[in-house]
Amino acid sequence: MLKDKVAVIYGAAGAVGGAVARAFASEGAKLFLTGRRLAPVAAVAEDIVSAGGSAEAAQVDALDEQAIDRYLQSVIAKAGRVDISFDAVGIPGTKLLGVPLVELDLEQFSLPITTYTTSYFLTARLAARRMVANESGVIMTVTTLQSRTGFPTAGGFGPAMAAREALTRELSAELAPHGIRVVGLRPQGIPGTDSLKEAFEPRAKASGMTLEQFEELGASRTHPRRLSTLADLANTAVFMASDKASGMTGTTVNLSMGTLDD
Ligand SMILES: NC(=O)c1ccc[n+]([C@@H]2O[C@H](COP(=O)([O-])OP(=O)(O)OC[C@H]3O[C@@H](n4cnc5c(N)ncnc54)[C@H](OP(=O)(O)O)[C@@H]3O)[C@@H](O)[C@H]2O)c1
């Protein structure tokens, strides 16, 4: 579905970024994987190459405009184009989550809002400047259910996710006339990932539950009575990145499996 598409992924060593990278590679994309640290992202690229895919790794801070710009120049020099830009960056929630808003420091409240909007804005804008020349491209990111519903002790995370979804709509409104689609993915929590543990553990503790019990509670609120898997997310990402999704732009795919109505 993605044969010879040139895809740049930011935060590619994370749970989401790594799963999306492997799924894109298995559909024939040429991957340029980036992360804040080189070693973890190089390990993902090595895995993909040893499975017969095409991937290379680089250290790129997704909050550094000049570093992203220089990196995209190098991708264009090697591959000639950028077809897909995927922002999968995530920051540790240990100090940001689990604190009531009335007690939360301004800095801890603002950090996710600034980080998640900045990485998406910079990576999208700099990719779009290259994609406009080809009148084609797909810009993607990932959000969480906090964008659309209130959870206790989620701090600035909800506003950050809502801002990302708003930016998806605004980018699309400006870029779709130039052949560039902009789409987000909003999965349920994904058991086994550090992000889910950080998000669920404080709320489990506050409710006197174990993490496993809290996961079961979350699962019981979905229609199929289960949380998301990385495969659910990555397979949808492949479709949304492909030309088959030509009618999808300015929207965030609701992968909450019934927890959130559209
Ligand atoms: N996992 C879930 O259950 C879930 C569900 C819904 C949505 N999401 C969303 O998906 C996104 C990724 O989550 P995840 O579970 O994959 O998180 P993760 O496993 O913690 O991965 C995040 C990745 O982002 C990298 N990163 C952080 N700051 C960066 C920067 N400035 N530049 C480049 N890379 C940077 C991290 O690198 P370092 O390790 O070097 O810092 C890490 O590899 C988040 O927005 C999260 O909210 C996750």
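Note: the structure precedes this text.
Along each chain, the written sequence defines residue order, and numbers are assigned to residues from 1. Thresholds applied to this predicted model are a pLDDT of at least 70 for local features of residues and 80 or more for the giving and counting of side-chain atom pairs; totals over whole chains, interfaces and linings are not thresholded and use all residues. Think of the side-chain values as coming from all heavy atoms in the structure, minus any hydrogens and water.

Trainee: Just to check I follow, could you spell out the site of the ligand for this structure?
Mentor: Note on definitions. A residue lies near a molecule or strand when any single heavy atom of the residue is within 4 Å of it. Around the ligand there are 28 residues in total, and Val16, Arg36, Arg37, Ile190 and Ser195 lie nearest to it. Here a nitrogen atom of the ligand and a side-chain polar atom of aspartate 61 are 2.9 Å apart. Burial of the ligand by the protein chains amounts to 88% of its free accessible area of 910 Å². Amino acids outside the nonpolar list (Ala, Val, Leu, Ile, Met, Phe, Trp, Tyr, Cys, Pro) and the charged list (Asp, Glu, Lys, Arg) are all regarded as polar, and Gly is one of them. Split into classes, the residues belonging to the shell around the ligand amount to 14 nonpolar, ten polar and four charged. Definition of a polar contact: a pair of N or O atoms within 3.5 Å, with one able to donate and the other able to accept a hydrogen when the atoms are protein atoms, and with sequence-neighbouring residues admitted only if both atoms are side-chain atoms. Method for areas: the Shrake-Rupley scheme with a 1.4 Å probe, in which residue coverage is limited to the protein chains shown.

Trainee: I keep staring at helix H2 (residues 38-50) and nothing clicks. Help me out?
Mentor: Residues that lie three or four places apart on an α-helix share one face, since the helix turns once every 3.6 residues. For helices the rule is a DSSP run of H or I covering at least 4 residues; for strands it is a run of E covering at least 2, with both sets numbered from the N terminus onward. Multiplying one less than the number of residues by 1.5 Å gives the expected span of a helix. For H2, with 13 residues, the first-to-last C-alpha span of 18 Å sits near the 18 Å given by 1.5 Å per residue. Burial in H2 covers these residues: Val41, Val44, Ala45 and Ile48. For H2, the angular spread of the buried residues around the axis is 95°, confining them to a single face. Exposed positions of H2 whose direction lies more than 90 degrees from the buried face are Ala39, Glu46 and Ser50. Contacts are assigned to residue pairs that have any heavy atoms within 4.5 Å of one another. Tucked into the core, H2 has its buried residues touching helix H1 (15-26), strand S2 (30-35) and strand S3 (54-59). Positioned one or two residues after H2, glycine 52 has a phi angle of 95°, which is positive. For every residue, the accessible area obtained with a 1.4 Å probe (protein chains only) is divided by the maximum for its type, and the residue is called buried under 20%, exposed over 50%, and partly exposed between those limits. Think of it as the arc spanned by the lines of direction from the helix axis to the C-beta atoms.

Trainee: It is not clear to me how the packing of aromatic side chains should be interpreted in this structure. Could you clarify?
Mentor: Centres within 6.5 Å make a pair out of two Phe, Tyr or Trp rings, where for Trp the six-membered ring is used; the pair is then stacked when the planes are under 30 degrees apart, edge-to-face when over 60, and tilted otherwise. Across all of its chains, the model carries three aromatic pairs by this definition. Relative to phenylalanine 86, the ring of phenylalanine 24 lies with its centre 6.3 Å away and its plane at 75°, an arrangement referred to as edge-to-face. Within this pair, whereas phenylalanine 24 is found in helix H1, its partner phenylalanine 86 is found in strand S4 (residues 84-87), the two being separated by 62 residues in sequence. Residue phenylalanine 24 shares its accessibility class with phenylalanine 86, and that shared class is buried. Aromatic pair phenylalanine 200 and phenylalanine 214: ring centres 5.2 Å apart, planes at 80°, arrangement edge-to-face. Taken together, the residues span a long stretch of sequence, with phenylalanine 200 in helix H6 (residues 194-206) and phenylalanine 214 in helix H7 (residues 211-220) at a distance of 14 residues. Relative accessible area serves as the criterion here: at 7%, phenylalanine 214 is assigned to the buried category.

Trainee: Sorry if this is basic, but what is going on with the sheet that holds strand S7 (residues 251-255) here?
Mentor: Through backbone hydrogen bonds, the strands of a sheet pair up, either in parallel or in antiparallel fashion. By the convention used here, strands pair only if DSSP detects at least 2 bridges between them. Strand order in the open sheet made by the seven strands is S3-S2-S1-S4-S5-S6-S7, with parallel pairing throughout. Two strands close off the open sheet at either side, each with one partner strand: S3 and S7. For this sheet, the mean angle separating the axes of adjacent strands, direction not counted, is 20°. Bridging between strand S1 (residues 6-10) and S2 involves five bridges; their strand directions are parallel. Of the residues in S2, the one forming a bridge with tyrosine 10 is threonine 34. Sheet contacts for H1: S1, S2, S4 and strand S5 (137-142); angle to S1, the most-contacted strand, approximately 170°. Axis definition: a line fitted to C-alpha atoms, limited for helices to the stretch in contact. Angles are taken between N-to-C directions and run from 0 to 180 degrees. Across the sheet, H2 touches S2 and S3, and the angle it forms with S3 is around 175°.

Trainee: What is the right way to look at the pattern of salt bridges in this model?
Mentor: Opposite charge on two side chains allows them to pair when their charged atoms are near. Salt bridges are defined by distance alone: a side-chain nitrogen of Lys or Arg within 4 Å of a carboxyl oxygen of Asp or Glu. Within the structure shown, the criterion is met by ten salt bridges. The closest approach of N and O atoms between arginine 22 and aspartate 47, which form a salt bridge, is 2.7 Å. One end of the pair, arginine 22, is in helix H1; the other, aspartate 47, is in helix H2, with 25 residues separating them in the sequence. A relative accessible area of 40% places aspartate 47 in the partly exposed class. A salt bridge links aspartate 69 to arginine 130, with the shortest nitrogen-to-oxygen separation between them at 2.7 Å.

Trainee: Explain the nonpolar core to me, please; I cannot follow it from the model alone.
Mentor: In globular proteins that are soluble, nonpolar side chains generally tend to be buried together. One finds Ile9, Phe24, Leu31, Leu33, Phe86, Met140 and Leu185 to be the most contacted residues of the largest nonpolar core, which totals 37 residues. Ranked by residue count, the leading element in this core is H1, at seven residues. Not counting residues up to four positions away in its chain, the partners in contact with leucine 31 are Ala7, Ile9, Ala21, Phe24, Ala25, Ile48, Ser54, Ala55 and Glu56. Only buried Ala, Val, Leu, Ile, Met, Phe, Trp, Tyr and Cys residues count toward a nonpolar core, and they belong to the same one when joined by side-chain atoms within 4.5 Å. One finds Val60, Ala62, Ile68 and Tyr120 within the second-largest nonpolar core, a separate group that totals 27 residues.

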